Amino acid sequence: MRPPFKMTRRNILMAGGATLGLAAIGGYILYPGQGMAATDLAHIKPLAIPPQDTGNLVDNVRVFDLELQKGTSTFFDGLETDTMGINGAYLGPVLRLRKGEETRLNVTNSLGEASTLHWHGFNLPARMDGGPHQQIEDGEVWSPQFEITDKAATMWFHSHVFHGTANQVWAGIAGMAIIDDAESVALDLPRDYGVDDIPVVLQDRSFQTSGQMPYDPGIGGRMMGMIGNFPLVNGVISPYLDVRTSQVRLRLLNGSNGSIYQLEFSDGRAFSQIASDGGLLGTPAEMNRLQLGPGERAELVVDVSGGKNFRLINNPSAAPRGHMFGGGVPEFSFLEIRPSNRLTAAKPLPAKLTDMPVPDESNVARTRKFVLQMGMMGGENSINDLPMALDVINEVVKKGETEIWEVSSNGMVAHPFHVHNTQYRVLSRNGRAPSPSEAGLKDTVVVNPNEVVRILVRFDTYTDAERPYMYHCHILEHEDGGMMGQFTVV
Ligand code: C2O
Ligand code: CU
Ligand code: CU
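Residues numbered from 1 in each chain as written. Chains lettered and ligands numbered in written order. Predicted model: local features only at pLDDT ≥ 70, side-chain atom pairs only at ≥ 80, totals over all residues. Heavy atoms only, no water.

## Description of the nonpolar core
- Among the nonpolar cores identified, the biggest contains 53 residues, and W119, F122, W405, F417 and I455 are the most heavily contacted of them.
- When neighbours within four sequence positions are excluded, W405 is seen to be in contact with R368, F370, V397, F417, V419, V453, R454, I455, V457, F459, Y471 and F487. (Core = buried A, V, L, I, M, F, W, Y, C linked by side-chain atoms within 4.5 Å. Buried < 20%, exposed > 50% of the residue type's maximum accessible area, 1.4 Å probe, protein only. Contact = heavy atoms within 4.5 Å.)

## Details of the coordination of the copper ion (ligand 2)
- Around the copper ion (ligand 2), the donor atoms from the protein are H118 (NE2) and H418 (NE2), and they sit 1.9 Å away. Linking H118 in strand β9 (residues 118-120) with H418 in strand β30 (residues 415-419), this pair joins segments that are 300 residues apart in sequence.
- Exposure remark for H118: the relative accessible area of 0% places this residue in the buried category.
- H418 sits in the buried class, given a relative accessible area of 0%. (Donors = N, O, S within 2.8 Å, 3.2 Å for Na, K, Ca; no water. Helix = DSSP H or I, 4+ residues; strand = E, 2+ residues; numbered from the N terminus.)

## Quick word on the side chain of S437
- Assignment of secondary structure puts S437 in the loop between β31 (425-429) and β32 (444-447).
- Note on S437: relative accessible area 13%, which makes it buried.
- A polar contact is formed between the side chain of S437 and the side chain of Q273, at a distance of 2.7 Å.
- For S437, the contacting residues outside a window of four places in its chain are Q273, S276, L281, M287 and L290. (Polar contact = N/O pair within 3.5 Å; in protein donor to acceptor, adjacent residues only side chain to side chain.)

## Remarks on the coordination of the copper ion (ligand 3)
- Every protein donor of the copper ion (ligand 3) is listed here as H415 (ND1), C473 (SG) and H478 (ND1), and their distances to the metal cover 2.0 to 2.1 Å.
- The sequence pattern formed by the donor residues of the copper ion (ligand 3) is H-x57-C-x4-H. Of this pair, H415 sits in strand β30 while H478 sits in helix α5 (residues 476-480), placing them 63 residues apart in sequence. Side by side, H415 and H478 carry an identical accessibility label, which is buried.

## A short note on the sheet that holds strand β33 (residues 453-457)
- Within the open sheet, the five strands sit side by side as β27-β26-β29-β33-β31. Their pairing is mixed. Two strands lie at the open edges of the sheet, namely β27 (382-383) and β31, each paired on one side alone.
- Here β31 pairs with β33 via four bridges, running antiparallel. When the sheet's bridge partners are listed, R425 is paired in β33 with L456. (Pairing = 2+ DSSP bridges.)

## Quick look at unusual backbone geometry
- Phi angles above zero are rare outside glycine, and N234 is one such case at about 50°.
- Within the secondary structure layout, N234 lies in the loop between β15 (230-233) and β16 (236-237).
- Despite not being glycine, N450 has its phi angle at roughly 60°, a positive value.
- Mapping N450 onto the fold places it in the loop between β32 and β33.

## A short note on the pattern of salt bridges
- Summed over the entire model, instances satisfying the criterion amount to 26 salt bridges.
- The residue K442 makes a salt bridge to D277 at a minimum N-O spacing of 3.1 Å. Pair noted here: K442 is in the loop between β31 and β32 and D277 is in the loop between β20 (271-276) and β21 (279-287), with a separation of 165 residues, a long-range link. A single burial state applies to K442 and to D277, both of which are buried.
- Salt bridges here are not isolated pairs; linked through shared partners, they connect D277, E296, R297, K442 and D443. (Salt bridge = Lys/Arg side-chain N within 4 Å of Asp/Glu carboxyl O.)

Everything listed here is a matter of coordinates, which is why it stays silent on function.
And the structure:
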């Protein structure tokens, strides 16, 4: 998958600041990492830490004002890129939410085109979900309000406009949300935002020599997901992070359109995963490699001691067998971690993080099967033979009933399967128990080719016979292409 191009010294030197020396093929700028090992790439810019937005407490409601807007971003010095963002030019602030708080989000759409804002991972009424049915016309304000009922977790929010999600997320309509609760703040975990508790939004983008990053998937992108050749963290290409504490907590969000990342550190060091999509794992899970699909989150705690810089990389060769071409994602050096000479010693991780009961399959009301289907040559996708249609309710689920959803696919591409309005449990992959990484709360799970993934779902809080929630593949090109369905909870 490496491009047929030879790295020259000049390309390397110019990669950091100036743009004119960057190599380009077909009008697109080449990533300096292409054709050379990720460990040879200089990390020039510091990681940007998005501002935290804690909202304002008004009559016991925590109120946020968010504006979807167009902007101009500088990914390469001297080159301007048209982007979209939320209260900024690209991506959004990190929303800081608290379990139990009534929360209102005033979303003003100033994009010049219709949009939506979906609260990914949250338990909430269907009309507040921000899916394709809650379209915000240009110039309009949409003000969903709901109680934060989920446990402490790293969630996110993004555009979910019908047939235009991939395009708007690519442009930058996405952001991270962090929920705190009494349990999470009582634990001895790194929690100093931007110091030892770091939001890490992983994406990839491709840039033209003009600096623009047009959304242009083509057949390849519609089939594999639109995958860029530059890794971005919080909107910065391959940044570095100075760390002054012996441990750092990385709140990873795969905010890419179509890339399943195989994450590891360049020196192979082990790390502890402490949370999955829906919050804390029962106990820290030690590992040295983590697969993260679009939409998935993982919180890691990394011991940075050892006196050397190291990098968070995507290693496509680590993709499970059956992922076409390692999923088509290049080798990326996302983030260089630079420990200072003197590190403040951190407390050891708690042995127990939260109660995570064994999933209870004893009271399953029914099993539903979902087959994720790719269209031929980038044509219309479907689930169970039906492409997404706004006026079709595909499934009706009873509130409070436990169900098993059996998810599989019809082809050679892996699909991250996401369900709105719930945190579910992974029961098995082809009959095997999930890894410790997936043994907690999940809302998105990668379904590999030739795999049946069984999940235990339940909707306990809200009903609405009219308005549906979505389930879909979180490869946004697959979703926009029809790999999505609708369900109501009654
Ligand atoms: Cu993150 Cu239906 O989406
Ligand atoms: Cu969602
Ligand atoms: Cu898919």
